[in-house]
Each structure stands twice: as structure tokens, then as C-alpha cells.
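An overview of the molecular structure
Each chain is listed here by its residues.
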Amino acid sequence: MDSKSLLNLLYRALAREPKGIGRAIPPVAWASTRGHVREENQDRLLVARSPEGLVMAIVADGMGGMRDGSQAAALSAAAVAARCMMSQATALDVMLADALHFANDEVFRVLHGTGGAALAVAASSSAGRYIAHVGDARAYHVDDAGHLAQLTVDDTVAAQLQCLGKASSTEVNSDNRLLQFVGFGAGLEPHVRTVPTDGRALLLTTDGIYGVPTSVLEWVVNGTGRLQLLAERLMIASEWNGGHDNATVVAVSFGNESGTQGSQGGVEFWMPGQHLVVVPTSNKTTPASKGALATQEPPKSHPTKKRRATKVRRKRPVADEGASTDQAERQLPIVTFDDDLKADDGLASKLQASPLVEEDREPGKPRTK
């Protein structure tokens, strides 16, 4: 399968808007919600793993002020994943920069400036760990003590002025116009940097997540010991904060490196509701009539409302249709980055006990970015 065919495949798979929570290979968990104001979720997320051990996670935030924001988010995430998984580059920084340029060109070519997306990508392999971003999608680092540190600087007017020392911290949110985004056209300058080698986790988020007060984000991160629960709590906190925007988070654990061992027989892709395995056409285990794709759908992500109604333990997604339940659970365990939980599930119950009353909510303003 060539990169163009893979791109088209992933683009179609990302057409459905994400909802609920889920997990992929052992080091990755995610959560996404439309919120209470937006009519659709224009965020997209994707996790991929190559046979060589390259693991990457992508969060794309379609621009609400543009007609084709959701298409731009899906296309940009698909383009980055396809380019990286088919790349021959050994240097992760070179690979990521090339992939973001490729995504920018594809979005602009297809949508002609009517859609754009902010993008954050994390990549890990034996060559190291890197993040890349364009726009105002963010990456955060969680250190060993549970403290949260922002690794990216938004491509907004205010954030860049503050970075240059020409604006105070109180002015950082005064002008959120984007200086660049995927689909921007000529002149894109993606940001690529290494990730600290220590710490517990890396978080990729859209602005619906980091729109929650920083003190609340830090409290949630510091008091949560399970990666899946962390993603879920951040999503719930965004809804409790008003749900004024789409909110998506992908959490990557540094304490569980089993995902970097490489996939079995092909490139694997995870997105809400789908697990795709793209294998070589010459692979003898795949009948020629079946083509180059094996598709598996794990149990549907549980919307927040349904999760609140039951406290039963969720079943792990099946990793291999022919594998036993025990094998599947060993391959895709619930991710932890601290075996001894530091907090119970009290946050979710507190948030549920104080639901947001409709008439008390300020209507969200349309995104201007």
C-alpha cells in the first residue's frame, strides 16, 4: 500500500467525530467530547505503531471559524500518520517536520483555504522522543511528582508576543488569532522539539481541555494515578467548566514502554471506535481477495452519560480476533503510570453532584481563530 492509498484510508476512517473514552497500545489513552455548546466535534485523534517500534499520537483541532474545520482536522491527522508510517527517515525531527509540511500541502490542496486545523503530534522510538505542533493544540509534560509543564507555545498573536517579552502574562489570552495552522498554505513553519526523557506522561490537548483553569488541570493530573482515568477526568472537567468548546486529550505514558516493541505483521492505527491493521499485500496470512487491510472494531466508546449510569469494569478491547481473552488482556492492559492509586474516583462523583444548569451557562462565543 502506498502513502496516498493509506492517506485516503485513514481520512475515511476519521470521518466520524470522536466521542467518549478509549485506549490504544499500552502507553496511550484518550478522551474526547463535543462539549455543551458546539453542534459537532471537529477534533480528531489518531494513534499509530509501526513494526519497527515507532509509536505516534496525534491530536487535530479543526478551526470552528472555517467552513471545513472537521474535514481539515481529519485530513491533517491522516496525512501526518500516513507520511510518518511510510517514511524512510531515521531522524524523528526530520520525519515530523516533513509530515507537517505534507499535511499542510494536502489540506490546502483539497480545501483551498476553506478549512484549517491546529495539530499536536508526539513520536517515540529507539531514536528518542519528539513533539511537533502547529497552531494552538498543546503538549504538556507530567513529571515524576505529577507536576504539569507546557512544552509548546501557541501560534497565536498574544502567545508569541509574550514569548518575545512584548506582552504580559495577563494579556496572553487577549488575542487568540492564529498566525499559522495546517492548511495555511506556503510559509508554514512547524515547531519540533525533544521531549524530556524523565517524567510520567505526555498530554496532547485541544483548547477545550486547557481552557479549564490551570490550577484545576494541575490538581487533576497530580491526584490521578491511572492514565485512562486521567484522560476521562480531564474531559469531565472540561464539561463541568461549561463545555464551551470541543475537548480532546491523548495521554501517553512513559512508565509503560511495551508499545514501542513494534506491531505484529503490519502498521496499526487506533482511533475512536476503530482499530486498523495495514499489512503488506505479500503477507501470506492475508488472502489476496481481502486486499491489504484488516479492520477490527473494538467495543464502542462509552459516552459520558452512559458511563455515569454504571460502575462496572469495562472490558478491554480485543487485540486479536483469534486470541484468547487472557492474551488480549495481556496485550492491551489498562494503562497505569503508578500502580498505587493516589486518589479514588471522587472527582467524577463531585462533578456529577454539581451539574451545570443550562440557564446559568454563558453561551460560548464562536471561535475566531
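Residues numbered from 1 in each chain as written. Predicted model: local features only at pLDDT ≥ 70, side-chain atom pairs only at ≥ 80, totals over all residues. Heavy atoms only, no water.

1. Remarks on the confidence of the model for the protein
Averaged over all residues, the pLDDT of the protein is 77; the fraction at 70 or higher stands at 70%. Here helix α9 (residues 325-331) is the element of the protein with the lowest mean pLDDT, 33, and strand β9 (residues 191-194) is the one with the highest, 97. In the predicted structure, residues 281-368 sits below a pLDDT of 50 and forms 144 contacts with residues beyond four places in sequence or in another chain. (pLDDT = per-residue confidence, 0-100. Helix = DSSP H or I, 4+ residues; strand = E, 2+ residues; numbered from the N terminus. Contact = heavy atoms within 4.5 Å.)

2. Some words on the environment of Val 110
Its place among the elements puts Val 110 in helix α3 (residues 92-111). Val 110 sits 73 residues away from Gly 183 along the chain, and the two C-alpha atoms are 9.1 Å apart.

3. Some remarks on the side chain of Asp 68
Its location among the elements puts Asp 68 in the loop between β4 (55-62) and α2 (69-85). With relative accessibility at 12%, the residue Asp 68 sits in the buried group. The residues contacting Asp 68, other than those within four sequence positions of it, are Leu 111, Thr 114 and Gly 115. (Buried < 20%, exposed > 50% of the residue type's maximum accessible area, 1.4 Å probe, protein only.)

4. Remarks on empty space enclosed by the protein
Applying the stated rule across the entire model yields three cavities of 30 Å³ or more. Estimates place the volume of the second largest cavity at around 60 Å³. When grouped by side-chain class, the residues that make up the lining of the second largest cavity number six nonpolar, one polar and three charged. (1 Å grid on protein atoms, 1.4 Å probe; cavity = no way out; pocket = protein on both sides within 12 Å on 5 of 7 lines; lining within 4 Å. Points joined across faces, edges and corners; volume = space filled by probe spheres on them. Nonpolar A, V, L, I, M, F, W, Y, C, P; charged D, E, K, R; others polar.)

5. Structural notes on the nonpolar core
Counting residues in each nonpolar core, the largest one holds 47 residues, and the members touching the most others are Leu 10, Leu 46, Met 56, Ile 58, Val 80, Leu 96 and Phe 269. By residue number, the principal contributor to this core is α2, which donates 12 residues. Excluding anything up to four places from it in sequence, Ile 58 contacts Arg 44, Leu 45, Leu 46, Ala 77, Val 80, Ala 81, Leu 119, Ala 120, Val 121, Leu 204 and Val 250. (Core = buried A, V, L, I, M, F, W, Y, C linked by side-chain atoms within 4.5 Å.)

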